[in-house]
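Structural overview
Chain residues, written in single-letter form:
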Number of protein chains: 4
Amino acid sequence: MSNTFGDRFRLTTYGESHGLAVGGIIDGCPSKLALNMEAIRADLARRRNGAARQEEDAIEWLSGIKDGITIGTPIAFCIRNKNIRSEDYDALVDAFRPGYADYSYQQKYGIRDHRGGGRASARETVARVVAGAIAKQVIAPVEIHAEVSELGPEAENDTRGGIVSCRITGLPVGVGAPVFGKLNAQLAQAMMTIPSAIGFEMGCGFEAARMKGSEYIDRWNNCLNASMPDCLSKDAPNQTIKQSNNQAITKTNHCGGIQGGISNGMPVEFRVAFHPVVTLPQPVECLTESGELRTLIIGGRHDRSHVLRTPVIVEAMTALCLINNLL
Amino acid sequence: MSNTFGDRFRLTTYGESHGLAVGGIIDGCPSKLALNMEAIRADLARRRNGAARQEEDAIEWLSGIKDGITIGTPIAFCIRNKNIRSEDYDALVDAFRPGYADYSYQQKYGIRDHRGGGRASARETVARVVAGAIAKQVIAPVEIHAEVSELGPEAENDTRGGIVSCRITGLPVGVGAPVFGKLNAQLAQAMMTIPSAIGFEMGCGFEAARMKGSEYIDRWNNCLNASMPDCLSKDAPNQTIKQSNNQAITKTNHCGGIQGGISNGMPVEFRVAFHPVVTLPQPVECLTESGELRTLIIGGRHDRSHVLRTPVIVEAMTALCLINNLL
Amino acid sequence: MSNTFGDRFRLTTYGESHGLAVGGIIDGCPSKLALNMEAIRADLARRRNGAARQEEDAIEWLSGIKDGITIGTPIAFCIRNKNIRSEDYDALVDAFRPGYADYSYQQKYGIRDHRGGGRASARETVARVVAGAIAKQVIAPVEIHAEVSELGPEAENDTRGGIVSCRITGLPVGVGAPVFGKLNAQLAQAMMTIPSAIGFEMGCGFEAARMKGSEYIDRWNNCLNASMPDCLSKDAPNQTIKQSNNQAITKTNHCGGIQGGISNGMPVEFRVAFHPVVTLPQPVECLTESGELRTLIIGGRHDRSHVLRTPVIVEAMTALCLINNLL
Amino acid sequence: MSNTFGDRFRLTTYGESHGLAVGGIIDGCPSKLALNMEAIRADLARRRNGAARQEEDAIEWLSGIKDGITIGTPIAFCIRNKNIRSEDYDALVDAFRPGYADYSYQQKYGIRDHRGGGRASARETVARVVAGAIAKQVIAPVEIHAEVSELGPEAENDTRGGIVSCRITGLPVGVGAPVFGKLNAQLAQAMMTIPSAIGFEMGCGFEAARMKGSEYIDRWNNCLNASMPDCLSKDAPNQTIKQSNNQAITKTNHCGGIQGGISNGMPVEFRVAFHPVVTLPQPVECLTESGELRTLIIGGRHDRSHVLRTPVIVEAMTALCLINNLL
């Protein structure tokens, strides 16, 4: 079902933007983990950063934790929606905003919660950030760092998209699986589930299509000059190859650290493109249920540069992806 | 597990490049389908097009079909590897080619079939093309068309990548699911499982990150001027909206036909970037199991412009993706 | 993961007996269903019937429902544990009760919530009953009826088990699947997940092993004498065969209504054996973490005839099983 | 889908009784396992034991094995159906045998392979026995032993059922999972997928429903008198507790070695009831597609005491169940 991510560390989320709460259940978190609550709050703060709608995002832990320690049972959590102004959306009861999921949801389900985008709102990513923050703690010392590497044009009365770059370090060689379970394919899926994601590329990505093979290919470093046990551990499959910068196993990393769907010990690097927020701070024509166009100024509070809030979501989905390969 | 794709129409594949055979099992194909064997053969021929290694690709159907009709039980099929020249790979017994999955497989499994790339070879896509060709027959009249839209630079003694564009027409509105089951996320995963795929984008993709919101947004057509029942069927969720070209529900299709992870009735459009084949027709340095570099001329038969053979694989994976949403 | 049941109508549950709450998320409930809340409350009351610990079982609906109507998004619900007397369990901090899951949980997770059995408590079945009550509403007019057909011996200062019989009527022919997806196998799994279930049998079950083939076999009725469209619908696979009692398709129902794992249109009938509650109203020897035996009178409130409360749980699990085959 | 069992060691099977072949794909078998082919052949011989239809059951290994060693890729195998006498079934083209799956398959799929029961034939268990024999090798030193413990009445011109008992020794404590993933529930499902299985019980099973709690409860042994490290390993969750017979952790094993769905270190014990083969060596009335009864002597070759051939299938399904918990 579409509201569950992962199989071993399985996150199931729930909640509409203007419903009572958003939250989730994590099934498969290892027991005896002392949760770093401060780290979870810090990631939630990164997600809120600059948001038009300000929520406290206080987490109520309903199960799975005793005295701050995980006990191996499902971790259920709940975050109340408090700062709701549903009346902002009254004009949308029978009108579909352009660019949003209003229309496709209505067609699929025959009913929808029109307030704040309902389930399609990026509000649901709160649950992902909570679960991702826990996953990061489990998979340490693997580190994930995402940041905005390109921001779309600033424009008066307009919105902007951008590109987020992500880099995973400390990942063991041998993570991922052949054919349909390729780690790059898992990451692509994970990233494209983020609201407004519209493109994904590993390593040098689309640019690779324009390179000659002899330019693209990542050549081996001479490992004899490096410390061999760190460079090549033929007797210990699945073990981390620890490499200092000048001991990297390949001279370049055009492939983004994954070969044949399986990590090769280099940093895993990818980029995610986000289109601009589709609610413009201008009057727009909405399609009504009766099929006519109606010009509206969309209410609600919407970010103009939401991309600034997405790196922590990219990190969360990366962490959820990795933990399901590492447990 | 990584060798299975889909849940309702489930393909499980097997086979190494130089093993006895490649093939698969399809579980969930509807019964009473009269298979168009000619269409399957035609897709296999598109995949073989220009290949350095020529295989007959004769399919042996082991189960699930009686008198040419599917009976609802698993369809197992087998394609023998006949044109094998394993001796070409003798020098690779203890050496990892650059750019290939030799090294990451060895690290993951502690053992590998070095002949022709083993399981990591694109030879395994034969099974995908067979299953995709069957899936296309089931989901008709939905149509999938992929083609090379950009080819990397031609260069002497070198290889080239390229970009494949794919367009789905006739897809009903309402296909896909919210949050983690977004159709675009499913397609991204499916495409990135194809050997040498390195990037994926919906609609205008990475370019969208550089557009203003007011440029990007897909504006509604005035459906009152179109034939209404075709344009908006509020009483019949999940039904196709049939639209002639001048009745398209939006004026542009920058989003690629999917909103909130759910198809909106417009053509679904995406692009896949492929890096150049990594076996160069030049001497390259391989990494040996003992950690030294050894210059080799890689044997085996390898395509220089494999991208020309990928559209049918893109179509197959698209069909497998769609059928799992449509059944 | 072990806290999720089903794939199309997917219930994930959470909660420990003496934690903050128990509850779950239902993913895949059809949209536009007007929930009959009274029916849900009535099933919860059946589950509470005669329980030593009395809980109000008030349900807080966190998502997925708007104005009493399902909207197709995940239905999250939460039931607070209010009537908790955790001090009853203080003596069990370092002692494992005989017959309970205290020891196996401790060994598996290295930590446990000793209060009231934690996650292993039958308290978690509250979430199943809620989801089952919703599933019943979706699959109507299929009807499920379970009742205690045999009760173990009554004994002073002791507990008793028993056998619950369940009968499904109105189920279409063709439900279930071959080989590993047999409906009887699905039911067996579903029933054996109920706390204290220890046996399962279809139709005449273990007795069938002692019958001759000629006694066991269910012989066909002469359908020519019955109303044919009801009896045999060769042109409409998957459709219900509606049969009055004298039009039953077989003369007996020793197999319990399932052949080759697929329903045959007869009532589906099975029985579940429950062992006695393992907390005796007598002093028992517990095993301490240091490996010695300690005689304790187990605190907490425990039923002596819990079997009387299980039919509604059997019905719930049956409904969850069926809905995943019928959607 | 119904033709796949397991998630980590995943078996997908195919094949009809009178089709070209039966077989399967195993995905997830560990690499570097030297297969004991003789043990596989021995289990196949146990399955053939006394069968009316004699097949050679020669296995063709299509992938996943190199020089007799598994390489971590899918293991595909194929067993040709050679001893076919399909003409025996000509009279069944339009007639449904009583007790068999002919009718329910026809209703579900609208088409069927009437020859020898098609997919519903126990012929498909060949693939289970092959995979089970491999699984046994992986999970050693866990041992599984099944045997016929009760055989139905012998009768002239008739068939008989029986009961198979199975015992698992050497299983670590902590195997299985709470709530819906209980090991007993997994075993129940696995057993009920075997053709003609009609009942399942753990430990003392249905008899437990008739015991008093004080009789049923498995009391702890005094571990202080036993060698403690063997009896209780609180610091090493998930580790085997090795116990000689006089160090068993409980004095009785009424529960069958599983508490709260998780193994407790005692032998796991269960029983499976099989109904008699439903093809009688007597004339029987079949139901024709036009709804009339037609008396036929069922052709084909059928066992009268098939229960004698089932222990190895019970062992195979047990092994498949366990390996998915142990990997």
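So, here is what we can say about the structure in this document. (Residues numbered from 1 in each chain as written. Chains lettered and ligands numbered in written order. Predicted model: local features only at pLDDT ≥ 70, side-chain atom pairs only at ≥ 80, totals over all residues. Heavy atoms only, no water.)

Helix and strand counts for chain A stand at eight helices and 16 strands. Seen along its three principal axes, the alpha-carbon backbone of chain A occupies a region of about 70 × 55 × 30 Å. Counting over 327 residues, chain A shows a buried share of 65%. Restricting to contacts in chain A with at least 6 residues of sequence separation, those with at least 24 account for 71%. (Helix = DSSP H or I, 4+ residues; strand = E, 2+ residues; numbered from the N terminus. Buried < 20%, exposed > 50% of the residue type's maximum accessible area, 1.4 Å probe, protein only. Contact = heavy atoms within 4.5 Å.)

Contacts between the two partners involve 106 residues from chain C, matched on the other side by 107 residues from chain D. Buried area between chain C and chain D, summed over both chains or domains, comes out near 8,500 Å², and the portion from carbon and sulfur atoms is 65%. In this structure, the connection of chain C to chain D is made through two salt bridges. Note that Arg210 of chain C and Glu150 of chain D form a salt bridge whose closest N and O atoms lie 2.6 Å from each other. Residue classes in the side of chain C that touches chain D are distributed as 52 nonpolar, 36 polar and 18 charged. Sheet topology note: the strand β11 (residues 197–202) of chain C/strand β11 (residues 197–202) of chain D ladder contains three bridges and is antiparallel. The residue bridging Gly199 of chain C from the neighbouring strand is Glu201 of chain D, located in β11 of chain D. (Buried area = accessible area lost by both parts, 1.4 Å probe. Salt bridge = Lys/Arg side-chain N within 4 Å of Asp/Glu carboxyl O. Nonpolar A, V, L, I, M, F, W, Y, C, P; charged D, E, K, R; others polar. Pairing = 2+ DSSP bridges.)

As a further point, take the nonpolar core. The biggest cluster of nonpolar side chains holds 162 residues, and the ones touching the most others in it are Phe200 and Phe270 of chain A together with Phe200 and Phe270 of chain B. Among the nonpolar cores identified, the runner-up in size contains 161 residues, and Ile163, Cys204, Phe274 and Cys321 of chain D belong to it. (Core = buried A, V, L, I, M, F, W, Y, C linked by side-chain atoms within 4.5 Å.)

Okay, helix α8 (residues 311–326) of chain C next. If you check α8 of chain C, its first and last C-alpha atoms are 22 Å apart, about what 16 residues at 1.5 Å a residue would give, namely 22 Å. In terms of burial, α8 of chain C is a largely internal element, 14 of the 16 residues being buried. (Expected span 1.5 Å × (residues − 1).)

Residue and element names in this part refer to chain C. Here we have five strands laid out as an open sheet, ordered β1-β2-β3-β7-β4, and antiparallel in their pairing. Each of the sheet's edge strands pairs with one partner strand only, and the pair in question is β1 (4–5) and β4 (59–61). Pairing of β1 with strand β2 (residues 10–14), which is carried by two bridges, proceeds in the antiparallel orientation. For Thr4, the partnering residue across the bridge sits in β2 and is Thr12.

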